Amino acid sequence: MSEAGKRLSQLGLSAIGGRDPNITGISVDSRTVKPGHMFAALPGSAIHGGEFIQYALRMDAGAILTDAAGAALAANELRGWDGALVVAEDPRQALAGAAALWFGRQPERIVAVTGTSGKTSVANFTRQIWQSLGLKAISLGTMGVQGDYEAKLAHTTPEPVTLHRILAAAAEAGVTNVAMEASSHGLDQRRLDGVRIMAGAFTNFSQDHLDYHAGFDEYFAAKALLFNHILDSGDGAVINVDSERGRQMADIARERDEVLTTIGSGDDCDFRILGQRYDATGQELRFSYRGATQMVRLNLIGGFQAENVLAAAGLAIASGCDASEVLATLPHLETVRGRMQLVAQRDNGAVAFVDYAHKPGAVIAALQSLRPHVMGRIIVVLGAGGDRDKGKRPLMGQAARDFADVVFVTDDNPRTEDPASIRAEVMAGAGKDAVEIGDRAEAILRGVDALQPGDALLIAGKGHETGQIVGSDVFPFDDAEQASVAVAALDGKI
Ligand SMILES: CC(=O)N[C@H]1[C@@H](OP(=O)(O)OP(=O)(O)OC[C@H]2O[C@@H](n3ccc(=O)[nH]c3=O)[C@H](O)[C@@H]2O)O[C@H](CO)[C@@H](O)[C@@H]1O[C@H](C)C(=O)N[C@@H](C)C(=O)N[C@H](CCC(=O)O)C(=O)O
Ligand SMILES: Nc1ncnc2c1ncn2[C@@H]1O[C@H](COP(=O)(O)OP(=O)(O)OP(=O)(O)O)[C@@H](O)[C@H]1O
Ligand SMILES: N[C@H](CCC[C@H](N)C(=O)O)C(=O)O
Ligand SMILES: [Mg+2]
């Protein structure tokens, strides 16, 4: 953050009583407050940040941004305090605006993608397209910041201070184009409100995060914020309209006079998927763009990748790139790490894939879309994460039972939950033929061992992750590496 600091008024905020101190930094956590900082005391899901105002004051905070409830919680400490108190109706939104003004710079062209599945893939493909066209670009989300500026992230959509620090640093490094993931938590918590987004994409909608959102409608409403709150008239909206929720989102974009690009199978779609032909290493995609038929080779496994690729193409075009140049880059797209990624092959030709499917819709999509690439059986290894939406566990098990031939149920990231009870919930949907093996490395070994010529193994749930979270410990663990080790051991290479 800038050494000199900024006046509160330069951050678009006004304090009760008109005080306008020089702010030396912004903190969303009392434990990171330094003298002169503005502490944003936000209403949390576990506790109100107002409880921590007393600690921020002890650290010599120069300003407090909170809501009426937060100010009431610290009424005693704030009485007689000579700093600046800002009480906002929506302090998360005020924080988003202040963080944007604090850091000042953002790359010129920023696009965002939301939807239950496909955000990381679409953001990554969009970045790859821009880079192929010679533009300096990054993708920002679950896999961190990748491309012409790199950084690690703890969240898919970081809180505004981290987000704007990164956007400013990327702009400083010459990055002009950003494709970012807009998670439902991020949208709901207004983390993106200060970002100048010129186009948005919506992929699809199915169950996830019902531990956080009150229900499907609330979850959808959070995603819709990208189109009815962040984007505005004249901005681009790239929407997959093959589902009812997609058509609902397109209506929202139309009402806001956004420039709509539709993707789907209907004959009125801007990008219309006409056919796909699959083989062991990828697929041929036949589609039309605004009426003109195109044929393209994609070195990507899984039918749904075509939807992700076209969404990325739509975003690149909405960001101002020439459509024919964009379409010419598509055969060069590379698999996103941990997304239907081929990770090992046995001597008998059978293959193993790692995929990040960790919700029922994604498990169904991954297994169904693998089928036409595979002549033999599909074997799946999967589990479910602890401290996350419990309702999805039997549904993930059920999806495995319905769409795979052999099912191994194992641990994902148990976090603070009892791993055996999580497995039992997955097993409840997976049925009596599923084999339960707690140890993930052993489950992968058994899955690889079961591979006969023409079979494929899908290791689902952890994708690109390189650790397994048990309790509060993180143990090194990489599905791709485990699959290679298992193949080497079983085929007598080690
Ligand atoms: C459920 C959720 O999204 N929580 C986020 C939310 O925290 P919260 O409202 O639950 O916080 P809380 O624990 O109740 O505390 C309230 C406030 O007190 C503050 N505090 C707390 C303790 C303290 O000593 N001092 C202090 O100031 C906290 O910083 C917080 O602002 O606001 C915090 C500050 O912005 C976030 O760090 C926190 O993300 C947590 C860590 C998290 O795990 N979020 C995940 C679920 C998330 O956001 N995931 C999405 C989606 C991933 C996907 O695509 O699947 C993502 O974008 O990553
Ligand atoms: N368009 C799609 N339709 C259905 N399933 C998909 C689609 N794209 C990806 N998936 C599945 O979802 C998994 C996660 O994909 P991706 O990481 O791109 O999505 P995401 O929305 O970023 O997920 P997360 O919210 O977990 O970060 C993939 O590994 C695949 O199984
Ligand atoms: N962003 C997702 C990642 C889940 C990945 C899966 N491996 C798990 O641990 O549940 C979440 O935090 O819900
Ligand atoms: Mg993601």
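Looking at an unreviewed UniProt entry, the protein carries the name UDP-N-acetylmuramoyl-L-alanyl-D-glutamate--2,6-diaminopimelate ligase, with the source organism given as Paracoccus aurantiacus. Comment text from UniProt for the protein, heading Catalytic activity (unreviewed entry), reads "UDP-N-acetyl-alpha-D-muramoyl-L-alanyl-D-glutamate + meso-2,6-diaminopimelate + ATP = UDP-N-acetyl-alpha-D-muramoyl-L-alanyl-gamma-D-glutamyl-meso-2,6-diaminopimelate + ADP + phosphate + H(+)".

Peer 1: Just to check I follow, could you spell out the UniProt feature "domain: Mur ligase C-terminal" (unreviewed entry) in the protein for this structure?
Peer 2: The UniProt record marks residues 338-463 with the feature "domain: Mur ligase C-terminal" (unreviewed entry), using the residue numbering of this structure. Here residues 338-463 is 36% helix and 21% strand, with 4 Å between the C-alpha atoms at its ends.

Peer 1: Got a minute to help me understand unusual backbone geometry in this structure?
Peer 2: A negative phi angle characterises most non-glycine residues, just as the trans form characterises most peptide bonds. One non-glycine residue with positive phi stands out, namely Met340, at about 50°. As for its position among the elements, Met340 is in the loop between α11 (323-329) and β17 (341-345). The exposure class assigned to Met340 is buried, which follows from its relative accessible area of 1%. Look at Arg415: it is not a glycine, yet its phi comes out positive at around 50°. By the element assignment, Arg415 lies in the loop between β20 (406-409) and α14 (419-430).

Peer 1: Explanation requested: the environment of Thr261 in the structure shown.
Peer 2: With respect to the secondary-structure elements, Thr261 resides in strand β13 (residues 259-264). The spacing of Thr261 and Gly236 is 25 residues in sequence and 7.6 Å in space, taken between C-alpha atoms. Those residues in contact with Thr261, other than ones at most four positions away along the chain, are Ala237, Val238, Ile239, Asp270, Phe271 and Arg290.

Peer 1: Got a minute to help me understand the confidence of the model for the protein in this structure?
Peer 2: Detailed reading of predicted coordinates is not advised where the pLDDT is low. When pLDDT is averaged across the protein, the result is 95; 99% of the residues are at 70 or more. As a predicted assembly, this complex carries a pTM of 0.94 together with an ipTM value of 0.93.

Peer 1: Just checking my understanding: could you explain the sheet that holds strand β10 (residues 177-181) for this structure?
Peer 2: Pairing between sheet strands relies on hydrogen bonds along the backbone, with the strands arranged either parallel or antiparallel. With respect to topology, ten strands assemble into an open sheet ordered β9-β8-β10-β7-β11-β12-β13-β14-β15-β16, the strand pairing being mixed. Each edge of the sheet is formed by a strand with only one pairing partner; in this case those strands are β9 (144-147) and β16 (292-298). On average, each strand axis in the sheet is inclined to that of its neighbour by 20°, with strand direction left out of account. Relative to β13, strand β12 (residues 236-240) is paired through five bridges, and the arrangement is parallel. From the neighbouring strand, Gly236 faces β13, where its bridge partner is Val259. Each of β7 (109-114), β11 (199-202), β12, β13, β14 (271-278), β15 (283-289) and β16 is contacted by helix α10 (residues 304-318), which is oriented at about 140° to β14, the strand it contacts most.

Peer 1: How do you make sense of empty space enclosed by the protein when you look at a structure like this?
Peer 2: Empty pockets left among the atoms are what a rolling probe the size of a water molecule brings to light. Taken as a whole, this structure holds one cavity of 30 Å³ or more when the rule is applied. One number sums up the size of the largest cavity: a volume of about 60 Å³. Every residue along the wall of the largest cavity is listed here: Thr120, Ala123, Asn124, Ser139, Leu140, Gly141, Thr142, Met143, Gly144, Gln146 and Glu181. Residue assignment for the lining of the largest cavity shows that the elements contributing at least two residues are α5 (119-132), β8 (137-141) and β9. Its residues assigned to classes, the lining of the largest cavity shows three nonpolar, seven polar and one charged.

Peer 1: For this particular structure, what's the right way to read the domain arrangement of the protein?
Peer 2: Interface size is commonly expressed as the accessible surface area that is lost when the partners come together. Looking at the assigned domains, one finds that the protein contains domain 1 (6-100), domain 2 (105-332) and domain 3 (341-490). Each of domain 2 and domain 3 has a C-alpha centre, and the two are 27 Å apart. Counting residues at the interface gives 20 residues for domain 2, matched by 20 residues for domain 3. At the boundary of domain 2 with domain 3, total buried surface from both sides reaches about 1,400 Å², with 59% on carbon and sulfur atoms. Where domain 2 touches domain 3, the interface holds zero salt bridges. Linking domain 2 with domain 3 are three residue pairs in polar contact (both at pLDDT 80 or more). Across the side of domain 2 that touches domain 3, the residue classes break down as seven nonpolar, nine polar and four charged.

Peer 1: Just to check I follow, could you spell out the UniProt feature "binding site: UDP-N-acetyl-alpha-D-muramoyl-L-alanyl-D-glutamate" (unreviewed entry) in the protein for this structure?
Peer 2: Per the UniProt record, "binding site: UDP-N-acetyl-alpha-D-muramoyl-L-alanyl-D-glutamate" (unreviewed entry) is annotated on Ser30, Thr156, Thr157, Ser183, Gln189 and Arg191. Spanning 162 residues, the named residues do not form one spatial group; their C-alpha atoms are separated by as much as 24.7 Å. In this structure, the second largest pocket is lined, among the annotated residues mentioned, by Ser30, Gln189 and Arg191. Inspection of the secondary structure assignment puts Thr157 in the loop between β9 and α6 (160-172). Overall, Thr157 belongs to the buried group, its relative accessible area being 0%. In this view, Thr157 contacts Met180, Glu181, Ala182, Ser183, Gly186, Arg191 and Leu192; residues no more than four positions away in its chain are not counted. A polar side-chain atom of Thr157 sits 2.9 Å from the main-chain amide nitrogen of Ser183. By secondary structure assignment, the location of Arg191 is in the loop between α7 (184-188) and β11. Discounting chain neighbours no more than four positions away, the residues touching Arg191 are His155, Thr157, Pro158, Glu159, Pro160, Leu163, Ser183, His185 and Gly186.

Conventions and cut-offs
Residues numbered from 1 in each chain as written. Chains lettered and ligands numbered in written order. Predicted model: local features only at pLDDT ≥ 70, side-chain atom pairs only at ≥ 80, totals over all residues. Heavy atoms only, no water. UniProt positions renumbered as here; feature names shortened; annotations may be inferred. Helix = DSSP H or I, 4+ residues; strand = E, 2+ residues; numbered from the N terminus. Buried < 20%, exposed > 50% of the residue type's maximum accessible area, 1.4 Å probe, protein only. Contact = heavy atoms within 4.5 Å. pLDDT = per-residue confidence, 0-100. Pairing = 2+ DSSP bridges. Axes fitted to C-alpha atoms, helices over the stretch in contact; angles between N-to-C directions. 1 Å grid on protein atoms, 1.4 Å probe; cavity = no way out; pocket = protein on both sides within 12 Å on 5 of 7 lines; lining within 4 Å. Points joined across faces, edges and corners; volume = space filled by probe spheres on them. Nonpolar A, V, L, I, M, F, W, Y, C, P; charged D, E, K, R; others polar. Domains from an automatic or database assignment. Buried area = accessible area lost by both parts, 1.4 Å probe. Salt bridge = Lys/Arg side-chain N within 4 Å of Asp/Glu carboxyl O. Polar contact = N/O pair within 3.5 Å; in protein donor to acceptor, adjacent residues only side chain to side chain.

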